[in-house]
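Take a look at the letters that make up each chain.
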Amino acid sequence: MNQPQLILGTAMWGWTCPKEQCFELLDTFYQEGFREVDAATNYPLNGNTDQFRLSENILKEWIDTHGVRDLKVMIKVGSLTNVRTPENNLTKSFLLMMLDEYRFLFGESLDTYMIHWDNRDNKTEIQESLEAMQIAAEHGLRIGLSGIKHPKIYQALNQDFGFDFRIQIKHNLLQSAYAHYAPFHGQTRFITYGINAGGIKLDISEYHEQSSLKARGGNVEAEAPIVAKLRPIIAQANKRTDRPQITNFNHCGMTYAFHSPDISGILLGTSRTTQLQQSITFYRLLKQGMYFDFYDQLKDLA
Ligand SMILES: NC(=O)c1ccc[n+]([C@@H]2O[C@H](COP(=O)([O-])OP(=O)(O)OC[C@H]3O[C@@H](n4cnc5c(N)ncnc54)[C@H](OP(=O)(O)O)[C@@H]3O)[C@@H](O)[C@H]2O)c1
């Protein structure tokens, strides 16, 4: 059975996560044996235009500083700004220009080239984007999709290309884009993000000054409504004494993502090394199948 891989996310790098902390996260992730990192042209998505592409610069600096050659960088392209608007360019020429740029920047570490946010329904335009992705594939890259408004069009056009798309979806206990991608169901190709719904905590005392939920405009003063529904499920799961207890929202999000259908990857948005270590430890328990009963309960809640 294919089990989801862990992928380190970078959306908050240079925003709530200063460079030194990003370096520590990558050091830990790498030392623990993981290799895949997710990036995007528009990270950090904080509306500060001076910081456009800062996150990928931090990533590149870490790679260059350590002389590491076996990282696998997934890059999402198309965005023209890091302001939260869908302003992007998915023309063939732009995608090819960015392909050159990222091959130059990341060299052999570049692994996956992904279209980011496509609201178009024009088949000719999408066809041209896929022609650019074909060239990326010829360079040995895996091809991906994220934020696609019309997956059916992609699926129909893909009859000619035959891409085995990797697809990033928001997928957590509150919302999921999985159903939206029905044309691509049935194969293990989905990568989940937002598994903590942007940084929800079980206990509001866990929120801190740099909480990502706060930075994203979420309410950290009151308990998220889902927490009250989770409590009895967690209490039930914690009756078992043959495994570590479920103690935080991240355990819930990871369990739900890990056992959901067609999931090949889980994007970690951890902002501190202690969180990352904890997520890795819990991931290894999930791999042993320790929390399947808990997943069943979470599935009903979701
Ligand atoms: N394709 C797309 O359009 C898209 C969109 C969004 C994200 N992404 C990718 O997915 C990655 C993750 O997304 P996300 O940031 O939205 O994920 P998330 O998992 O929903 O939220 C991350 C936040 O959850 C909290 N957290 C994570 N692990 C924890 C742990 N072990 N213990 C306690 N708290 C924990 C942290 O909050 P605090 O920092 O407040 O402690 C962290 O900043 C991004 O970095 C990015 O690479 C892709």
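First, a word on scope: everything that follows refers to the structure included in this document. (Residues numbered from 1 in each chain as written. Predicted model: local features only at pLDDT ≥ 70, side-chain atom pairs only at ≥ 80, totals over all residues. Heavy atoms only, no water.)

## Focus on the packing of aromatic side chains
Line of reasoning, step 1. The tally for this structure, following the rule as stated, stands at 14 aromatic pairs.
Line of reasoning, step 2. When the centroid spacing of 5.8 Å and the interplanar angle of 85 degrees are considered together, the rings of F165 and F184 count as edge-to-face. In this pair, F165 sits in the loop between α5 (151-161) and β6 (166-170) while F184 sits in the loop between β6 and β7 (190-193), placing the two residues 19 residues apart along the sequence.
Line of reasoning, step 3. Residue class for F165 comes out buried when judged on its relative accessible area of 1%.
Line of reasoning, step 4. Taking relative accessible area as the criterion, F184 reaches 4% and is therefore assigned buried.
Line of reasoning, step 5. Look at F282 and Y291: their rings are 4.8 Å apart centre to centre, the planes differ by 40 degrees, and that puts the pair in the tilted class.
Line of reasoning, step 6. Residue F282 is classed as buried on the basis of its relative accessible area of 3%. (Phe/Tyr/Trp six-rings, centres within 6.5 Å; stacked < 30°, edge-to-face > 60°. Helix = DSSP H or I, 4+ residues; strand = E, 2+ residues; numbered from the N terminus. Buried < 20%, exposed > 50% of the residue type's maximum accessible area, 1.4 Å probe, protein only.)

## Some thoughts on the site of the ligand
Line of reasoning, step 1. Neighbouring the ligand are 30 residues; D38, S146, Q168, N196 and R216 lie closest to it.
Line of reasoning, step 2. Between the ligand and the protein, one listed contact pairs a nitrogen atom with a side-chain N or O atom of S146 at 2.6 Å.
Line of reasoning, step 3. Note that an oxygen atom of the ligand is positioned 2.7 Å from one of the side-chain N or O atoms of R216.
Line of reasoning, step 4. Of all the secondary-structure elements, those providing two or more residues to the shell around the ligand are β4 (110-118) and α9 (273-287).
Line of reasoning, step 5. If one sorts the elements of the shell around the ligand by residue count, α9 sits on top with 3 residues.
Line of reasoning, step 6. Its residues assigned to classes, the shell around the ligand comprises 7 nonpolar, 19 polar and 4 charged. (Near = heavy atom within 4 Å. Polar contact = N/O pair within 3.5 Å; in protein donor to acceptor, adjacent residues only side chain to side chain. Nonpolar A, V, L, I, M, F, W, Y, C, P; charged D, E, K, R; others polar.)

## A closer look at helix α7 (residues 225-237)
Line of reasoning, step 1. Most pronounced at R231, the bend in α7 amounts to some 35 degrees, and the proline P232 follows within four residues.
Line of reasoning, step 2. All buried positions along α7 are accounted for by I226, V227, L230, I233, I234 and A237.
Line of reasoning, step 3. Lining the buried residues of α7 we find α8 (249-259) and α10 (292-301). (Bend = angle between axes of the 7 residues up to and from the residue. Contact = heavy atoms within 4.5 Å.)

## Observations concerning the packing of helix α1 (residues 19-31) against α9
Line of reasoning, step 1. Running from N to C, α1 and α9 point in directions that differ by 25 degrees, and their axes come no closer than 9 Å. The orientation of α1 with respect to α9, classified from their angle, is roughly parallel. Between α1 and α9 the crossing geometry is right-handed. Contacts from E24, L25, T28 and F29 in α1 reach T273, L276 and Q277 in α9.
Line of reasoning, step 2. Looking at the contact of α1 with α9, its residues break down into 3 nonpolar, 3 polar and 1 charged. (Axes fitted to C-alpha atoms, helices over the stretch in contact; angles between N-to-C directions. Parallel < 35°, antiparallel > 145°, perpendicular 65-115°, else oblique. Left-handed = near helix turned anticlockwise from the far one by under 90°.)

## With respect to α10
Line of reasoning, step 1. Where α10 is concerned, the buried positions are F294, Y295 and L298. Burial along α10 is one-sided: seen end-on, the buried residues are contained in an arc of 100 degrees.
Line of reasoning, step 2. Its buried side turned inward, α10 meets α7 and α8. (Arc of directions from axis to C-beta.)

## Quick look at the pairing of β7
Line of reasoning, step 1. Across 4 bridges, β6 lies against β7 in parallel orientation. Looking at β7, one finds that Q168 is bridged to I191.
Line of reasoning, step 2. Pairing between β7 and strand β8 (residues 263-268): 3 bridges, direction parallel. Within β8, the residue paired with I191 across the bridge is G265. (Pairing = 2+ DSSP bridges.)

Geometry only, nothing functional implied.
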